[in-house]
Amino acid sequence: MSRSAHPAGPRHADVLTEGHYSAPAADLNVLDEKVWSRTVTRDADGALTVGGITVARLAEEFGTPAYFLDERDFRARCRAWADAFGPDADVFYAGKAFLSRAVVRWLKEEGLNLDVCSGGELTTALDAGMPAERIAFHGNNKTVAEIERAVEAGVGRIVLDSFQEIVRVAHVARRHGVRQRVQIRVTVGVEAHTHEFIATAHEDQKFGIALADGQAAEAVRRALALDGLELIGVHSHIGSQIFDMAGFEVSARRVVQLLAEIRDEHGVELPEIDLGGGLGIAYTSEDDPREPHEIAKALSDIVTRECEAAKLRTPRISVEPGRAIVGPTAFTLYEVGTIKPLEGLRTYVSVDGGMSDNIRTALYDAEYSVALVSRTSDAEPMLVRVVGKHCESGDIVVKDAFLPADLAPGDLIAVPATGAYCRSMASNYNHALRPPVVAVRDGEARVIVRRETEEDLLRLDVG
Ligand code: LLP
């Protein structure tokens, strides 16, 4: 495709006063290491490389759009979480963020546990060899068939989410002649500072059992009375993409209070608490995420302090980061197709993917960054909106960003921090073919989830 200069759209102060974007970075060629995975760099010719391979080679071999996942970074993040929490705590990777057999093997090798929330995720985990006792099974409406499979497989814990489920799991466990280890998910009444669709511990939503009106205490009573269940603890997940530790502290305090009430009423000290996932990552240079060791320290300090005050033995803590592990490790590579400058507004840059490979912008108004990665450019910054090829105007990948004004069809651009909730929420809208996930490490790239084909689409269409 041509790389000729293209008439640039508006890019000056007239439009900079509108919208939610910040001023362009001083040098658009500089890759902010906060949002890119750790082995990403530019080579001598200015092309982005990951794991030592240039994007031009990756695009040629695997096509676009595609997700490229930095395996070394993924493994390093797993280790950072495991080391930060240490041997007296457990880190469960939340598979919903992104799960594949390769990911399961990496988790297993790096000593992490795995949280699954559907029969499909459970199958992937078991198939790739994750020991069942290292799996936690979540979900607000697990089917009886799913519960059967989880109990049969011997999962380490099932997180009970409703009164019906307490009975269902107890029933299945008795039928299998086992005592299933369970936790009860409680809603602690914390309104996490995040988009309302992903804040989950305030009361008006579908997850968990409320602490506030004694429901959680009642759930504990019922679970303790059923001999198919071994109640090992209480679980709380307050939301996603959270930076402020205050919500976690309130959550931890309330969960510990519940443990104290359980001790007072039943004479048992539950040995575990799970504080869920939800830790935020940097999608743009504006975001300042916490490091795992800061998070671990904040959580363990508050739990220890509250337990001392309540004269409880400190329970074993577990956490369930998904996004914070996989999110920063991948970027999506697109080829620029068309460029439309809209006078006085912005320039629309259309790429060969869109809302089918990243629904988060449309769904949550999520912010992303973008960079020209097949080359560097000294052209001045141009305000752009990166859009996809789908048949609706909400098909936006990056709402407001700056790219060099000499951007041209055929250029490769990349959106960083797409490792979490992009491939896992990808769709076939407009019969788009879901992109592959390619793991890159030490000069080698291999497909871990292949690109869909039109035959895949037709295979499901049996009419
Ligand atoms: N544990 C539980 C019980 C959860 O429900 C979740 C996420 C996690 C852990 C992991 O949360 P993370 O650390 O990844 O934030 N699709 C949305 C996020 C939905 C999260 C649902 N539950 C998004 O794209 O932002």
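Residues numbered from 1 in each chain as written. Predicted model: local features only at pLDDT ≥ 70, side-chain atom pairs only at ≥ 80, totals over all residues. Heavy atoms only, no water.

**Overview of the site of the ligand**
Taken together, 19 residues are adjacent to the ligand, and Ser240, Glu320, Arg360, Tyr364 and Tyr421 come closest. In this structure, Arg323 approaches the ligand through a main-chain N or O atom, which is 2.8 Å from an oxygen atom. One of the side-chain N or O atoms of Arg360 is found 2.5 Å from an oxygen atom in the ligand. For the ligand, whose free accessible area comes to 580 Å², the fraction covered by protein is 91%. When grouped by side-chain class, the residues that make up the shell around the ligand number six nonpolar, seven polar and six charged. (Near = heavy atom within 4 Å. Polar contact = N/O pair within 3.5 Å; in protein donor to acceptor, adjacent residues only side chain to side chain. Areas by Shrake-Rupley, 256 points an atom, 1.4 Å probe, with all protein chains shown as cover. Nonpolar A, V, L, I, M, F, W, Y, C, P; charged D, E, K, R; others polar.)

**Remarks on the packing of aromatic side chains**
Following the criterion strictly, the structure yields seven aromatic pairs and no others. Put simply, the rings of Trp36, Phe62, Phe68 and Phe331 pair up and form one aromatic cluster. Residue placement shows Lys142 over the ring face of Phe137; its charged tip is 6.0 Å from the ring centre. (Phe/Tyr/Trp six-rings, centres within 6.5 Å; stacked < 30°, edge-to-face > 60°. Lys NZ or Arg CZ within 6 Å of the ring centre and 35° of its normal.)

**Looking at the environment of Ile209**
Looking at where Ile209 falls in the secondary structure, it is placed in strand β10 (residues 209-210). For Ile209, a relative accessible area of 3% puts it in the buried group. The spatial distance from the C-alpha of Ile209 to the C-alpha of Leu160 is 9.0 Å, given a sequence separation of 49 residues. Ignoring sequence-local partners within four residues, the contact set of Ile209 consists of Asp161, Ser162, Phe163, Ile184, Arg185, Val186, Thr187, Gln215, Ala216 and Ala219. (Helix = DSSP H or I, 4+ residues; strand = E, 2+ residues; numbered from the N terminus. Buried < 20%, exposed > 50% of the residue type's maximum accessible area, 1.4 Å probe, protein only. Contact = heavy atoms within 4.5 Å.)

**Some points on the sheet that holds strand β3 (residues 53-54)**
Judged by pairing direction, the sheet is antiparallel, and its three strands sit side by side in the order β1-β2-β3 without closing on themselves. Either end of the sheet is taken by a strand with one partner, and the two such strands are β1 (41-42) and β3. (Pairing = 2+ DSSP bridges.)

**With respect to the pairing of strand β13 (residues 316-319)**
Regular strands have side chains that alternate between both faces of the sheet. Where strand β5 (residues 89-94) lies against β13, three bridges are found, and the strand directions are parallel. Of the residues in β13, the one forming a bridge with Val91 is Val319. Here three bridges tie strand β12 (residues 272-274) to β13, and the two strands are oriented parallel to one another. Across the sheet, the residue bridging to Ile273 is Ile317, located in β13.

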